[in-house]
Structure formats: C-alpha cells, structure tokens
Amino acid sequence: MNIVLFHSTYGLRPAVHAAADRLRAAGHEVWTPDLFEGRVFDSVEEGRAFQSELGKDEILKRAILAAAPYSERGLVYAGFSLGAATAQTLALGDEKARGLLLLHGTSDIAENASVDELPVQLHVAEPDPFESDDWLSAWYLRMGRAGADVEVYRYAGAGHLYTDPDLDDYDAEATEATWRTALGFLETL
C-alpha cells in the first residue's frame, strides 16, 4: 500500500519516522512530508502558534503538493492529530484514495463531501481533550452520510498523542493495540 503520513502540530518528530518505519516493515511504501519545513516543537502551544502563522490554507497547500506526485497510485492518507485532520481533508477530495487512517484526530467535513465506501479507521484517546464525545458522534454520522465505511477505536486513559514515546501522553499498551489494529486494517485495503 502507498501511504502518505502527516505529522502533528509538534512537527516531523522521531515518532512519525518510527511509525513510518513500522509501516514499511509491514511492506508498505510510506512518505512523511514535512509541512513545517524542519520546525519541531516541544509543546502544543508552540506548535499551534506556528500553525496559526502559517495558516490553514498554507498547510493544506503544502500537504496537497506533497501528496500529488503519488496520488495517481491510490494513496492511503494517514496522520497524527493535525496530520489526521489534514489527511482526512485530502482523502475526502481524492477519488483515488484507497483508505484513511486517523490517529488522534479528525476534522470538519464539507457538506458536499462524498466518497464511495472509503475505508476509514480512527484511533483516539477516551476521553480526548481535542476530540469530545459529542464531536466524535457527530463526526461519525457525517462521515457515514458522506459514504465512508468508518471504524472507531477508543483507548481509555490514554493521553491525546499517546503513540509518541517522547511525550507525556504516551501509553505503550494503547500504542501497540493501535498499531496491531491499524496494520490489520491496511492489509484489507
């Protein structure tokens, strides 16, 4: 499978490279675009401030340009938190998308979004300060109306970005469960 994996608001950190290596070890081709052009951050606040400087449109433009050379192959879009939101936007706009793997995040869905049974898998903490239960319920219903085939996995007690071993949110058990499930999902595409 061809996968484009987008980083979180922390930037392209070692955890993203480790995730890409895990996917490659399972036989996938993976690209990890650096939407922040080398900038990495130690806190969500710093990352969000930089995100605001860049603007949502610039981040999306960078993501589209990064994925464009590979989209003809039929990509699986994937990402962490901000990267998941970015991946979701691109997947819903790419008729050749093969799947969508969301780790720690979702995004708004355009009213006219329409896909043909796009396989989607979401992994998120429970509770998650950035993904409330009400938001996730509404998101799930909107994705279904758009035509996606959605699976949601929640991890009780895990922190928001629980797959990054360098952050306080890290949860080894939830991380291993996430990757076991995600790799199984990718095998079905």
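Scroll up a little and you will see the structure.
Residues numbered from 1 in each chain as written. Predicted model: local features only at pLDDT ≥ 70, side-chain atom pairs only at ≥ 80, totals over all residues. Heavy atoms only, no water.

Looking at this structure, I do not really get the pattern of salt bridges. What am I missing?
Any two side chains of opposite charge can pair if their charged atoms end up close together. Under the definition given, this model contains eight salt bridges. Put simply, Glu37, Glu58 and Arg62 are held in one network by salt bridges that share partners. (Salt bridge = Lys/Arg side-chain N within 4 Å of Asp/Glu carboxyl O.)

Mind showing me how you'd approach the packing of aromatic side chains here?
In this description, a pair of aromatic rings is defined by centroid distance and the angle of the planes. Summed over all chains, the structure comprises five aromatic pairs. Residues Phe36 and Phe50 carry aromatic rings whose centres are separated by 5.1 Å and whose planes lie at 75 degrees to one another, so their mutual orientation is edge-to-face. Taken together, the residues span a long stretch of sequence, with Phe36 in the loop between strand E2 (29–31) and helix H2 (44–54) and Phe50 in helix H2 at a distance of 14 residues. The pair Phe36 / Phe50 is uniform in exposure class, with both members buried. Plain terms: the ring middles of Tyr155 and Tyr162 are 5.2 Å apart, the flat faces sit at 50 degrees to each other, and that makes the pair tilted. The pair Tyr155 / Tyr162 is uniform in exposure class, with both members buried. An aromatic cluster of at least three residues, connected via ring pairs, comprises Phe36, Phe41 and Phe50. Against the face of Trp135 rests Arg142, its NZ or CZ located 4.9 Å from the ring centre. (Phe/Tyr/Trp six-rings, centres within 6.5 Å; stacked < 30°, edge-to-face > 60°. Helix = DSSP H or I, 4+ residues; strand = E, 2+ residues; numbered from the N terminus. Buried < 20%, exposed > 50% of the residue type's maximum accessible area, 1.4 Å probe, protein only. Lys NZ or Arg CZ within 6 Å of the ring centre and 35° of its normal.)

What am I meant to see in a negative patch on the surface here?
On the surface, a cluster of negative charge is made up of Asp116, Glu117, Asp149 and Glu151. Tracing the chain through its elements places Asp116 in the loop between strand E4 (99–103) and strand E5 (119–126). Under the relative-accessibility criterion, Asp116 is labelled exposed at 72%. (Patch = residues over 30% accessible without salt bridge, like charges linked within 9 Å, V, L, I, M, F, W, Y side chains within 5 Å. Areas by Shrake-Rupley, 256 points an atom, 1.4 Å probe, with all protein chains shown as cover. Lys, Arg positive; Asp, Glu negative; His and termini not counted. Charge placed at Lys NZ, Arg CZ, Asp CG, Glu CD.)

What's the story with a nonpolar patch on the surface in this structure? I'm lost.
Judged by side-chain polarity, Tyr140, Leu141 and Val152 come together as a nonpolar surface patch covering roughly 260 Å² of accessible area. Position of Val152 relative to the elements: it lies in strand E6 (residues 149–156). Residue class for Val152 comes out partly exposed when judged on its relative accessible area of 34%.

For this particular structure, what's the right way to read the layout of surface pockets?
Rolled over the atoms, a probe sized like a water molecule indicates the empty space that remains. In this structure, the largest pocket spans a volume of roughly 770 Å³. Every residue lining the largest pocket is counted, 32 residues in all, and those nearest its centre are Lys56, Leu82, Ala85, Thr106 and Ser107. Those elements that provide at least two residues to the lining of the largest pocket are H2, helix H3 (56–67) and helix H4 (82–93). Top contributing element to the lining of the largest pocket by residue count: H4, with six residues. Across the lining of the largest pocket, the residue classes break down as 13 nonpolar, 14 polar and five charged. Around the second largest pocket sit Leu60, Ile64, Ala67, Ala68, Ser71, Tyr77, Thr89, Leu90, Gly93 and Asp94, which together line it. Elements with a minimum of two residues in the lining of the second largest pocket: H3 and H4. Per-class residue counts for the lining of the second largest pocket are six nonpolar, three polar and one charged. (1 Å grid on protein atoms, 1.4 Å probe; cavity = no way out; pocket = protein on both sides within 12 Å on 5 of 7 lines; lining within 4 Å. Points joined across faces, edges and corners; volume = space filled by probe spheres on them. Nonpolar A, V, L, I, M, F, W, Y, C, P; charged D, E, K, R; others polar.)

These values are about where atoms sit, not about what they do.
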